[in-house]
Amino acid sequence: MKEDDLRALMGQMTLAEKVGQLVQLDGGCFGASDVATGPRAKLGVTQADVDVCGSVLNVLGADEVRRIQDAYLERSRLKVPLPFMADIIYGYQTCYPIPLAQACSFDTDRVRDNYALVAEEAAADGCMVTFSPAVDVARDARWGRVMEMPGEDPYLSARFAAAAVEGFQGGLDEGRGMAACVKHFAGYGAVEGGREYNTVDMSERRFRQDYLSPYKAAVDAGARLVMTSFNTVDMVPATANEWLMRDVLRDEWGFDGVVITDYAAIHELVFHGVAADDREAALLAIRAGVDIDMKTSCYAANLAGLVAEGLLDEAAIEEGCWRVLLLKNELGLFEDPYRGCSAERAAAVACTPDRISSVREMCAESLVLLENKDVDGSPALPLAKVGERLALVGPYADSQDIVGMWAIHADRSHSRSVREAMAAVLGHDPAYAKGCETLLDVSFLGSFAKFAGGGSEDPRTPEELEAEALAVAAGVDTVVLCLGEHMLQSGEAGARTDIRLPDHQVALAAKIKALGKKVVAVLFNGRPLVLTDLLPHVDAILEAWYPGTAGGDAVCDILFGDVNPSGRLAMSFPETSGQMPLYYAQFSTGRPKGGSHEGRFVTGYLDAPNEGLYPFGYGLSYHSARLTGLRLSADTLRPGETLRATVTLSNDSDIAGTDVVQLYVRDLVGSVVRPIKELRGYQRVATRPGERVEVSFDITEEMLRFWRRDMTYGSEPGAFQVMVGFNSQTTASVDFELVG
Ligand code: BGC
């Protein structure tokens, strides 16, 4: 529709119809029954609200989308179609590894390609807007939502954010893509104590520097929507935060798309204690520039009244309504309210072999080999396909539930468990025993406990399961032990204070190790875990995260050496839960270890090191490689110029491999305290056996900018250090001078 016609359409709308555009309701409100029971009644939503409602939450399936759209348009006076919005977080029916895993690939080009495939699959089935990517910088592994995020680093997260948006939206004009909604704006990853929905509070400088850049990257990449977060920002909930939503997002960043709340966040302003009731909450949110109220009746029930009372200018409603109409127009809904979705189109693209193999390829880059000790003089992995007697043990060994909490629509019938995949590799069923359940007691999951186990609960007692596993293990050389968290222990509202593996899983590993076997742990989990208990009982650890549809095959690809692992951690693994939050880009302190103070009076703990067990950027491969000869093209850099850092990468083995070469920078003296290192570049570099290659990074003045003492954004002349390495701990360095 031409913009003039769209304006004319808005001109015909009543106030109630304009308000309606700002209301999002879920599928329950569009059910077959016309009686307002269930969700509608609970929400205080009337049939009149439903008739003018602007968008739909979490309904999928082309037939259902068409049915709801048709029924709605028939009743709608001005025939303004509904966009269908849903959480397509890391896959639709074909499910990719969780975002934290994908970030471990350091392969943002692949992320872009994957998300384009995801968008095509979901759009064919009626999804028009996805509530993704989530790019909350996550440094506290106690927080369950770290599985949805690209890790602890602002730079890597920003690149991931842009890639995901470009992937989702790439085919938007041709009807293949979906509009992307970046979330949760802003700072949600910094909830205190890692506790879900908790307070976030920090200096503006830190907020801008460490937390805002991934959202900004998504906005710069063209994300059409932004979702507010549940948390406070400087003690004002994001959903009522004018500074955040107007000054930063709209005025500074120039965002002109739609702002939508997270689920019921306007109503929650009352519980935050910043609004006395829903009416005041609605006023605060609309004033802050929040366009769509997701799933409450706060806007529907109150905005028109607020205008009538003179407390709100109708222009504020028109501002939001116009943005929603522009989005609908851009989605082409006035021409085709279904955006071409159909059951046939959906079936043609769902879980196609090329999609499933793209998941397998993503896994090959996302899974992280954490340990590979020598056993009888050679590394525990890879396993031999013949001649090594293998057993597969553990609650995840024969599970297709390896997709993670947000894979709501994943079609598990296309997944193979590790057991099935291993049988395909070996040509026979491997010896197998479940060994134990993931959790001994799932009662803490409350009403969600009914989803626990996914129907795979074993009627046998823990003792019987264990006895069977030990008997199976006794007859083989090597036990592959598939352990992990329960899928519902991470994801939204999946915060934990103790992020170790359950004791009974560690005990099983110990008993198997005591039989004198080679033990290879494959871990399925949604967060970095504390693995110090497990470490003495295993010879190798492969972190598989929740690897998605092709996860079983991908794990076997790595176990048997058909794929040489190249994943590197996007989030540090702690020694102990008490180190949280843990991240490599620590700030300088006045009492560093190795500084002028000695012994007790330096920054640290009495009972744990400062560093985690495995640092950001870390991961092993089957080949061995070295970085040598780090050098700079000059020892000074001026604004507008480029300094080139070069290092020699040598593959010292007879195996081809891929390394993630990482560039870190340190500003040695700043007007404010600066991090001890910050990632500023990375490259995945493939080498052949014995090959040496030169790897170069360009460094510019822009890469050295930060929020200075006077809160301007820029660099400061002076001494800098460049570090290049295979992870955030082991780095060689050279210095240069930034000249003003
Ligand atoms: C989550 C969001 C999600 C929304 C809609 C909320 O509970 O925080 O990430 O997009 O629900 O399902």
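Residues numbered from 1 in each chain as written. Predicted model: local features only at pLDDT ≥ 70, side-chain atom pairs only at ≥ 80, totals over all residues. Heavy atoms only, no water.

## Examining helix 7 (residues 108–124)
Helix length check: helix 7 (17 residues) gives 24 Å between terminal C-alpha atoms against 24 Å at 1.5 Å per residue, within 8%. Looking at the buried positions of helix 7, the neighbouring elements they touch are helix 5 (62–75), helix 6 (99–103), helix 8 (154–169), helix 15 (343–349), helix 16 (353–366) and strand 23 (678–687). Just past helix 7, the residue Gly126 takes up positive phi, approximately 110°. (Helix = DSSP H or I, 4+ residues; strand = E, 2+ residues; numbered from the N terminus. Expected span 1.5 Å × (residues − 1). Contact = heavy atoms within 4.5 Å.)

## Focus on the confidence of the model for the chain
Summarising the model, the chain shows a mean pLDDT of 95, and 98% of its residues fall at 70 or more. Of the regions scoring below 50 in pLDDT, residues 32–37 engages in 6 contacts with residues more than four places distant in sequence or in other chains. (pLDDT = per-residue confidence, 0-100.)

## Quick look at the packing of aromatic side chains
Tallying each qualifying case throughout the model produces 20 aromatic pairs. Ring plane angle 85° and centroid distance 5.2 Å describe the contact between Phe106 and Tyr682, whose orientation is recorded as edge-to-face. Of this pair, Phe106 sits in the loop between helix 6 and helix 7 while Tyr682 sits in strand 23, and the two are 576 residues apart along the sequence. Overall, the relative accessible area of 3% leaves Phe106 in the buried class. Looking at Tyr682, the relative accessible area reads 6%, which means it is buried. Pairing Trp545 with Phe573 gives two aromatic rings, centres 5.9 Å apart and planes at 70°, and the pair type is edge-to-face. Taken as a pair, Trp545 in the loop between strand 18 (540–543) and helix 20 (551–559) and Phe573 in the loop between helix 20 and strand 19 (625–632) lie far apart in primary sequence, 28 residues in all. (Phe/Tyr/Trp six-rings, centres within 6.5 Å; stacked < 30°, edge-to-face > 60°. Buried < 20%, exposed > 50% of the residue type's maximum accessible area, 1.4 Å probe, protein only.)

## Thoughts on the site of the ligand
Looking at the ligand, the residues that line it are Asn58, Asp87, Phe131, Arg145, Lys183, His184, Met227, Phe230, Asp262, Tyr263, Met294 and Glu492. Within the side chain of Asp87, an N or O atom sits 2.4 Å from an oxygen atom of the ligand. A distance of 2.7 Å is found between an oxygen atom of the ligand and a side-chain nitrogen or oxygen belonging to Arg145. When the ligand is considered free in solution it has 310 Å² of accessible area, and contact with the protein chains removes 94% of it. (Near = heavy atom within 4 Å. Polar contact = N/O pair within 3.5 Å; in protein donor to acceptor, adjacent residues only side chain to side chain. Areas by Shrake-Rupley, 256 points an atom, 1.4 Å probe, with all protein chains shown as cover.)

## Thoughts on the pairing of strand 1 (residues 23–26)
Burial along strand 1 is two-sided: Val23 and Leu25 facing one way and Gln24 and Asp26 facing the other are all buried. Pairing of strand 1 with strand 10 (residues 293–294), which is carried by 2 bridges, proceeds in the parallel orientation. Within strand 10, the position partnered with Val23 by the bridge is Asp293. Of the pairings in the sheet, the one linking strand 1 to strand 2 (residues 55–57) comprises 3 bridges and is parallel in character. Considered in strand 2, the bridge of Gln24 is made with Ser55. (Pairing = 2+ DSSP bridges.)

## Things to note about the sheet that holds strand 20 (residues 636–637)
Pairing in this open sheet of 5 strands is mixed, and the strands run 20-28-27-22-23 from one edge to the other. Unpaired on one side and paired on the other, strand 20 and strand 23 mark the two borders of the sheet. Taken together, the 8 bridges between strand 27 (residues 718–725) and strand 28 (residues 731–738) define a ladder with antiparallel strand orientation. Looking at strand 28, one finds that Val724 is bridged to Ala732.

## Looking at helix 8
Three or four residues apart is the spacing at which side chains of an α-helix point the same way, because the helix has 3.6 residues per turn. Taking 1.5 Å per residue, 16 residues should reach 22 Å; helix 8 reaches 22 Å between its end C-alpha atoms and fits that length. The element helix 8 is extensively covered by neighbouring structure, given that 13 of its 16 residues are classed as buried. Its side-chain oxygen 3.2 Å from the backbone nitrogen of Tyr155, Asp153 forms the N-cap of helix 8.

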